[in-house]
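Tertiary structure, described
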Amino acid sequence: MNPPFARPLSASTRLLAVFGAPIRHSASPAMHNAAIAELGLDWRYVACEVAPERLREAIEGARQMGFLGLNLTVPHKLLAVPLMDELDDSARRWGAVNTVVFETQTGDGEWKPVGQVAQVNGPVRARGFNTDADAIIRSLREDLAIEPRSARVLLLGAGGAGRAAALRLADEGVEALWLVNRTVDKARAVADEIAERFPAVEVKVGYPEAEVEVVLNATSLGLKPEDPLPFDPQQFSLQQTDGVYDMIYRPAETPLLKAAKAADRRTANGLGMLLHQGAAALELWTGQAVPVTTMRRALEAEIYGRA
Ligand code: ATR
């Protein structure tokens, strides 16, 4: 439901969207529309189910229809990289795109976000950013009181989200990183990349024998209530970690977080990461400071059913 202070939809309302498959669980529209209303913008943020083989056409359609920008979620973050006209340094460094800014060329040849110009007269290009990677670092600090620098981390998952998190954690200067993934070769490839780009970080494929500060789930295991734990309890015990972070935010309590709570560990779900990646994206589209507290409240209402 639109907040009561949202500007009415009209023929001049401009659109943003999140593309994903599946997408119906997304809390992004609630978060962004609350902020858009508070900023008094004549914008709306919608969610579209887009199949991976249709991503190129969907991005092109959004460009042609004058959308201001996009968020991309599973399974599009890696697929979008070669589809961008331009990659921001963040997307290049972390190897995935979760935010697209449509930019237009102004009279003086400068490219500006479409949301920040009165009228689009020139060509429009899609510029890909990654706002996820910084968001995970921030959320680990805020929501788990973990300082990633010098931490020992067990990272579960080496898909798009896992790889970006691994590289960003390495860049932050974690002491040691253990990578576990169902497809071991993908974890090995990420470990090799880290060894080359961040030689000071100790990186291993497999489970740690000693203790770690945090276990971070970047797999999709936990989205369904019947999912097994994303780690092998024969090889790792939750007693070996101080905290457990799950990038999943719906359900708010995954089997992993339930087990971690039962083991008396500190826990956080992915709400904080979703919040900070979304706030950074909205800043890119608007070019102004965004109401983060309002966005957090909207997410909490959407995810926990309370304002
Ligand atoms: P995302 O962009 O969210 O990372 P992804 O690239 O499809 O999406 O990655 C999904 C992650 O969840 C991967 O680590 C995947 O393991 P594989 O690399 O072996 O595919 C993991 N995953 C998905 N389903 C899984 C399952 N049933 N068991 C274990 N891991 C699973």
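If you're wondering where the values come from, they're calculated on a predicted model, not measured in any experiment.

Thresholds applied
- Residues numbered from 1 in each chain as written.
- Predicted model: local features only at pLDDT ≥ 70, side-chain atom pairs only at ≥ 80, totals over all residues.
- Heavy atoms only, no water.
- Salt bridge = Lys/Arg side-chain N within 4 Å of Asp/Glu carboxyl O.
- Buried < 20%, exposed > 50% of the residue type's maximum accessible area, 1.4 Å probe, protein only.
- Helix = DSSP H or I, 4+ residues; strand = E, 2+ residues; numbered from the N terminus.
- Core = buried A, V, L, I, M, F, W, Y, C linked by side-chain atoms within 4.5 Å.
- Contact = heavy atoms within 4.5 Å.
- Pairing = 2+ DSSP bridges.
- Axes fitted to C-alpha atoms, helices over the stretch in contact; angles between N-to-C directions.

Another aspect to go through is the pattern of salt bridges. Considering all chains together, one arrives at 24 salt bridges under this definition. When the shortest N-O distance is used, the salt bridge between E147 and R141 registers 2.8 Å. Classification of E147 by relative accessible area gives partly exposed; the value is 37%. Judged by relative accessible area, R141 falls into the partly exposed class, the value being 33%. With a shortest N-O distance of 3.3 Å, R152 and E175 are connected by a salt bridge. One end of the pair, R152, is in strand β8 (residues 152-156); the other, E175, is in the loop between α5 (160-172) and β9 (176-180), and 23 residues separate them in sequence. Residue E175 is classed as partly exposed on the basis of its relative accessible area, which comes to 39%.

F19, L70 and F102 are the most contacted members of the largest nonpolar core, which has 43 residues in total. With residues up to four places along the chain from it excluded, the contact list for L70 reads A17, F19, I59, A62, N98, T99, V100, F102 and W285. The next biggest cluster of nonpolar side chains, apart from the first, holds 34 residues, and it includes I137, L167, A170 and F198.

So, on to the sheet that holds β9. Read across the open sheet, the six strands follow the order β10-β9-β8-β11-β12-β13; overall the sheet is parallel. Looking at strand neighbours, the two that pair on one side only are β10 (202-205) and β13 (266-268), the edges of this open sheet. The mean angle between the axes of side-by-side strands here comes to 15°, regardless of whether they run parallel or antiparallel. In the sheet, β9 pairs with β10 via four bridges, with the strands oriented parallel. Paired with L179 across the two strands is V205, which belongs to β10. Here helix α4 (residues 132-144) sits on the sheet and contacts β11 (212-217), β12 (241-246) and β13; the angle it forms with β12, its principal contact strand, is near 125°. Across the sheet, helix α6 (residues 184-197) touches β9 and β10, and the angle it forms with β10 is around 165°.

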